[in-house]
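Chain residues, written in single-letter form:
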Amino acid sequence: MGGTGLAILRRNAPLRENGRIGDVPHLWNGTFEYLAANPDQAVIFNEAMAENTRRVSQALVSAYDFSRFRKIIDVGGGNGALMTAIVATNPDIRGVVFDLPRGSAEASQKLADAGVAANCEVVAGDFFRSVPEGTDVYILKFIIHDWDDEQSLAILKNCRKATHQVSKILLIERVMPEKMEATPANQRMAMADMLAKAGLSIAQILAIPGLDISVIEAVRS
Ligand SMILES: C[S@@+](CC[C@H](N)C(=O)[O-])C[C@H]1O[C@@H](n2cnc3c(N)ncnc32)[C@H](O)[C@@H]1O
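Being a predicted model, the structure only gives us computed values, none of them experimental.

### Concerning the overall build of the chain
When you go through the chain residue by residue, the secondary structure sums to seven helices and seven strands. For the chain, the N- to C-terminal ordering of α and β elements is α-α-α-β-α-β-α-β-β-α-β-α-β-β. Expressed as a percentage of its 221 residues, the buried residues of the chain come to 36%. Considering only contacts in the chain between residues 6 or more positions apart, those separated by 24 or more positions represent 67%.

Now the structure itself:
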């Protein structure tokens, strides 16, 4: 991990530095290339992500007020599980699920099965190239922890580029303090550095009750 102090709990960061875990040499930076080449594994991965998201999305929707927004994009939104929960609870919201073609392959069907397809669209793309412009909220749930600091910064910059003046970027992650004392002030300090490099600043950090995840709400600096 680089030295920017983005204290998001990254997935097995020390192992990732070795480039391999056991006999699975594709992890970590190559995870999504591996999944693209192995569709069966991609289905399992997406289901695991969606199951986790189903468990936490109700808590998120209860804790964070999405009703004030008109259009929301879930960047790296997988098969649309979080968007389903948001739109089901806030039927006036228009939702965009943005992911790689492989990541979003099942999203249209899942959104239709949940009865929210009329409010949602699925857009395939690469967040290292660009992110669709002009929505009120850019959600990055369990995205930044997959990437090193340079890659994370590239994603955040592309999101910032896509925002309008009052858009919000929501990082939904497990957040660790850089210092051992897990005070809200330490968490805020630890997050601020990388966001500042992307031209963003923290508006609030909202801990989700009962879960070890937080919503880090960022806005244009
Ligand atoms: C850890 S999963 C999180 C999925 C979802 N946000 C959730 O919390 O359940 C990471 C997601 O990022 C997507 N992803 C990876 N690389 C991407 C890229 N370059 N552009 C867009 N999405 C990408 C993957 O397909 C996957 O759906």
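On we go.
### A short note on the site of the ligand
Close contacts around the ligand come from 16 residues, with Met-49, Thr-53, Gly-76, Gly-78 and Gly-103 the closest. The residue makeup of the shell around the ligand, split by class, is seven nonpolar, five polar and four charged.

### Overview of the sheet that holds strand S3 (residues 120-124)
Remark on secondary structure: sheet strands pair via backbone hydrogen bonds, oriented parallel or antiparallel. Read across the open sheet, the seven strands follow the order S3-S2-S1-S4-S5-S7-S6; overall the sheet is mixed. Every other strand in the sheet has two partners, leaving S3 and strand S6 (200-207) as the edge strands with one partner each. Here the strands of the sheet are splayed against their neighbours by 20 degrees on average, with no regard to which way each runs. The pairing of strand S1 (residues 71-75) with strand S2 (residues 94-99) spans five bridges and is classified as parallel. Within the sheet, the bridge partner assigned to Val-75 lies in S2 and is Phe-98.

### Regarding the pairing of S6
Bridge count between S6 and strand S7 (residues 214-220): seven bridges; the pairing is antiparallel. Each bridged residue has a counterpart across the sheet, and for Ala-207 the counterpart in S7 is Ser-214. If you look at the hairpin formed by S6 and S7, you'll find six residues sitting between the two strands, and Gly-210 has a positive phi there, around 85 degrees.

### So, the nonpolar core
Core analysis: the largest hydrophobic core is formed by 49 residues, its most contacted members being Val-75, Tyr-138, Ile-139, Leu-140, Cys-159 and Ile-172. When residues of this core are assigned to their parent elements, the largest contribution, six residues, is made by helix H4 (residues 81-89). Non-local contacts of Ile-139, meaning those with residues more than four positions away in its chain, are made with Ile-72, Ile-73, Asp-74, Val-75, Leu-82, Leu-170 and Ile-172.

### Considering the pairing of strand S5 (residues 168-173)
Most of S5 sits out of view: six of its six residues are buried. Every second residue of S5 is oriented toward a common face, with Lys-168, Leu-170 and Ile-172 on one face and Ile-169, Leu-171 and Glu-173 on the other, all of them buried. Note that strand S4 (residues 137-141) and S5 share five bridges and pair parallel. Within the sheet, the bridge partner assigned to Tyr-138 lies in S5 and is Ile-169. Crossover handedness for the path S4 to helix H6 (residues 149-162) to S5: right-handed. With five bridges connecting them, S5 and S7 associate as antiparallel partners. For Ile-169, the partnering residue across the bridge sits in S7 and is Ala-218.

### Considering H6
Compared with an ideal rise of 1.5 Å per residue, which puts 14 residues at 20 Å, H6 spans 20 Å between its outermost C-alpha atoms and is within 8% of the ideal. Of the residues making up H6, those classed as buried are Ser-152, Ile-155, Leu-156, Cys-159, Arg-160 and Ala-162. Viewed end-on, H6 has its buried residues packed into an arc of 160 degrees, placing them on one side of the element. Within H6, the exposed residues directed more than 90 degrees away from the buried face are Glu-150 and Lys-161.

### Considerations on unusual backbone geometry
Trans is the common state for peptide bonds, and a negative phi is the common state for residues other than glycine. Notably, Phe-142 is not glycine yet its phi reads approximately 55 degrees, a positive angle. Relative to the helices and strands, Phe-142 resides in the loop between S4 and H6. Taking the C-beta count within 10 Å as the criterion, Phe-142 has 20 such neighbours and is therefore assigned buried.

### A short note on the environment of Phe-66
Within the fold, Phe-66 resides in the loop between helix H3 (39-63) and S1. In sequence terms Phe-66 and Thr-89 are 23 residues apart; their C-alpha atoms lie 9.0 Å from each other. Beyond its immediate stretch of four places on either side in the chain, Phe-66 contacts Val-61, Ile-72, Ile-86, Asn-90 and Ile-93.

### As for the packing of H3 against H4
Running from amino to carboxyl end, H3 crosses H4 at an angle of 30 degrees, the nearest separation of the two axes being 8 Å. On the basis of the axis angle, H3 is roughly parallel to H4. When the axes of H3 and H4 are compared, the crossing they make is right-handed. Between H3, through Ala-50, Thr-53, Arg-54, Ser-57, Gln-58 and Val-61, and H4, the contact on the second element is made entirely by Ala-81, Leu-82, Ala-85, Ile-86 and Thr-89.

So, how was this worked out
Residues numbered from 1 in each chain as written. Predicted model: local features only at pLDDT ≥ 70, side-chain atom pairs only at ≥ 80, totals over all residues. Helix = DSSP H or I, 4+ residues; strand = E, 2+ residues; numbered from the N terminus. Buried ≥ 20, exposed ≤ 12 C-beta atoms within 10 Å, placed from the backbone. Contact = placed C-beta atoms within 7 Å. Near = placed C-beta within 6 Å. Nonpolar A, V, L, I, M, F, W, Y, C, P; charged D, E, K, R; others polar. Pairing = 2+ DSSP bridges. Axes fitted to C-alpha atoms, helices over the stretch in contact; angles between N-to-C directions. Core = buried A, V, L, I, M, F, W, Y, C linked by C-beta atoms within 7 Å. Right-handed = clockwise from strand over helix to strand, strands pointing away. Expected span 1.5 Å × (residues − 1). Arc of directions from axis to C-beta. Parallel < 35°, antiparallel > 145°, perpendicular 65-115°, else oblique. Left-handed = near helix turned anticlockwise from the far one by under 90°.

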